[in-house]
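A closer look at the structure
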Amino acid sequence: PTTTQPGLTSVPMEVFLLSNGRISDDAPLLGYALPQLKEMITTRRIKSAVLIPYALIRVDHKQRAKELSSVLDIDVQCIQDVTKGGVPSPAHEAILSSEMILVSGGNTWMLNQMLHEQGLIVPIQRAVRERGVPYVGWSAGCNVATPSIRTTNDMPVRSSVVLPALGLFPIQINPHYIDAHISGHMGETRDERLAEFCAVNPGEHVVALREGSFLHISNNQLRYFSIKGDNFKVFKHGQDIREYYDTKELKLLVPFECL
């Protein structure tokens with residue numbers, strides 16, 4: 001085992017960081033990552049998962065849990081619906097008993113704020129790092145797995161703002177990345193926005209994940225997948241934007257074997 005911080009000893013993590021939830025409006029949720037997810041669920045004999053739905057503002061939480069139960073073929077419960085002996089469990093206790101943690105997309109600001117307010121940052125970190133509980137996050141759920149939510153695409157819908165996040169993955173991620181320039185749009189492109197972030201934070205990198213792509217950490221190995229065969233980009237101030245189809249060039253930036 002390796003030590004990540006005083007008092008926190010890690011085991012190999014199982015982490016899925018997905019750019020988005022669906023590849024199209026009529027596609028199943030998490031459908032493009034189902035082969036890897038189903039293999040992991042079967043190998044680990046996972047029967048249930050806890051869904052953290054705080055990012056969902058205009059979507060019914062119970063319905064989303066039901067949808068995920070059907071897609072993953074396991075019992076999925078929203079964290080606020082977990083009970084023990086018929087009594088609702090505090091959020092942190094629901095994490096303690098979880099077999100797998102699912103963190104939905106939606107609004108990243110709302111999600112991160114609620115994780116802090118509910119006292120879930122450390123319980124999730126410990127579950128993933130100490131017990132090896134799988135973490136599956138898409139969109140906002142991917143954002144909060146990084147050191148902070150500074151590279152989200154979302155609007156800060158709450159007046160109180162918390163930037164530090166879970167830090168399961170050591171590099172900032174920008175999900176839903178697109179490098180197209182819309183004719184007639186005079187605002188900044190995504191590349192320009194990310195270049196601004198890097199200019200203000202010259203010591204940091206940003207991994208930009210396109211739709212239908214994800215990073216998978218398992219057995220201390222980091223892999224990249226894209227259902228469309230697309231690359232991902234890495235932004236760093238003072239350097240040309242780099243494009244990759246595997247994670248080998250990230251080996252100096254992360255504590256994993258990059259494949």
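Residues numbered from 1 in each chain as written. Predicted model: local features only at pLDDT ≥ 70, side-chain atom pairs only at ≥ 80, totals over all residues. Heavy atoms only, no water.

**Some words on the overall build of the protein**
As a reminder of what qualifies: A helix here means a DSSP run of H or I that spans at least four residues, while a strand means a run of E at least two residues long, and both kinds are numbered starting from the N terminus. Note that the radius of gyration is over C-alpha atoms, with the globule rule given as 2.2 Å times the number of residues to the power 0.38. Throughout this description, buried means an accessible area under 20% of the type-specific maximum (1.4 Å probe, protein chains only), exposed means over 50%, and partly exposed covers the range between. Whether two residues are in contact is decided by their heavy atoms, any of which lying within 4.5 Å being enough. For this count, His and the chain ends are skipped, Lys and Arg are scored as positive, and Asp and Glu as negative. Throughout, a charge is located at the NZ atom of Lys, the CZ atom of Arg, the CG atom of Asp or the CD atom of Glu.
The number of helices and strands found in the protein is seven helices and 16 strands. Expected size for 259 residues packed as a compact globule is a radius of gyration near 18 Å; at 18 Å, the protein falls within 12% of this value. Each principal axis of the C-alpha atoms in the protein carries an extent, and together these give about 55 × 45 × 35 Å. In the protein, buried positions account for 50% of the 259 residues. Once local pairs closer than 6 in sequence are excluded, the contacts in the protein between residues at least 24 apart make up 70%. For the protein, the centre of its 25 positive side-chain charges and the centre of its 27 negative side-chain charges are spaced 4 Å apart.

**What to know about the sheet that holds strand 14 (residues 232-236)**
Note the cut-off: A pair of strands is considered paired only if DSSP assigns at least 2 bridges between the two. Here, axes are lines fitted to C-alpha atoms. For helices the fit covers the stretch in contact, and angles between N-to-C directions go from 0 to 180 degrees.
Read from one edge of the open sheet, four strands run 10-11-14-15, paired in mixed fashion. Each edge of the sheet is formed by a strand with only one pairing partner; in this case those strands are strand 10 (172-177) and strand 15 (242-244). Strand-to-strand, the axes of this sheet are offset by a mean angle of 25°, without reference to chain direction. Packed on one face of the sheet, helix 7 (residues 190-200) meets strand 10, strand 11 (205-210) and strand 14 and runs near 170° to strand 10.

**Re the layout of surface pockets**
Empty space among the atoms can be located by rolling a probe the size of a water molecule over them. In plain terms, the rule: Cavity: a set of points on a 1 Å grid over the protein atoms alone where a 1.4 Å probe fits but cannot get out. Pocket: an open set with protein on both sides within 12 Å along at least five of seven lines, its lining residues, like those of a cavity, having an atom within 4 Å of a point. Grid points are joined across faces, edges and corners, and a volume is the space filled by probe spheres set on the points.
In this model, the largest pocket occupies a volume close to 460 Å³. Along the wall of the largest pocket there are 17 residues; nearest its centre are Asn-153, Thr-189, Arg-190, Arg-193 and Leu-194. In terms of residue count, the dominant contributor to the lining of the largest pocket is helix 7 (five residues).

**Things to note about the pattern of salt bridges**
For clarity, the threshold we go by: Salt bridges, as used here, are contacts in which a Lys or Arg side-chain nitrogen is within 4 Å of a carboxyl oxygen on Asp or Glu.
Tallied over the full model, the rule gives twelve salt bridges. Notably, a salt bridge pairs Arg-126 with Glu-130, separated by 3.1 Å at the nearest N-O pair. In this pair, Arg-126 and Glu-130 both sit in helix 5 (residues 121-130), four residues apart, roughly one turn of the helix. Since its relative accessible area comes to 40%, Arg-126 is described here as partly exposed. Where Asp-179 meets Lys-233, a salt bridge forms, and the shortest distance between an N and an O atom there is 3.1 Å. Here Asp-179, found in the loop between strand 10 and helix 7, pairs with Lys-233, found in strand 14; they are 54 residues apart in sequence, far enough to count as distant. Here the residues in one salt-bridge network are Asp-179, Asp-191, Arg-210, Lys-233 and Glu-243, joined through shared partners.

**Regarding the nonpolar core**
Applied cut-off: Nonpolar cores were defined as sets of buried Ala, Val, Leu, Ile, Met, Phe, Trp, Tyr and Cys residues, with membership established by side-chain atoms within 4.5 Å.
Core analysis: the biggest nonpolar cluster contains 50 residues, and Ile-52, Ile-101, Ile-124, Tyr-135 and Phe-169 have the highest contact counts within it. Looking at this core, the element that brings in the most residues is helix 4 (residues 108-117), giving five residues. Excluding residues within four positions of it along the chain, Ile-101 makes contact with Val-50, Ile-52, Ile-95, Ile-124, Ala-127, Val-128, Val-133, Pro-134, Tyr-135 and Val-136. Grouped together as the second largest cluster of nonpolar side chains are 25 residues, Ile-46, Ala-49, Leu-68 and Cys-78 included.

**Section: unusual backbone geometry**
Look at His-176: it is not a glycine, yet its phi comes out positive at around 55°. Along the chain, His-176 turns up in strand 10. Even without glycine at this site, Asn-219 takes up a positive phi of about 55°. Turning to its location among the elements, Asn-219 is positioned in the loop between strand 12 (213-218) and strand 13 (221-226). Residue class for Asn-219 comes out exposed when judged on its relative accessible area of 60%.

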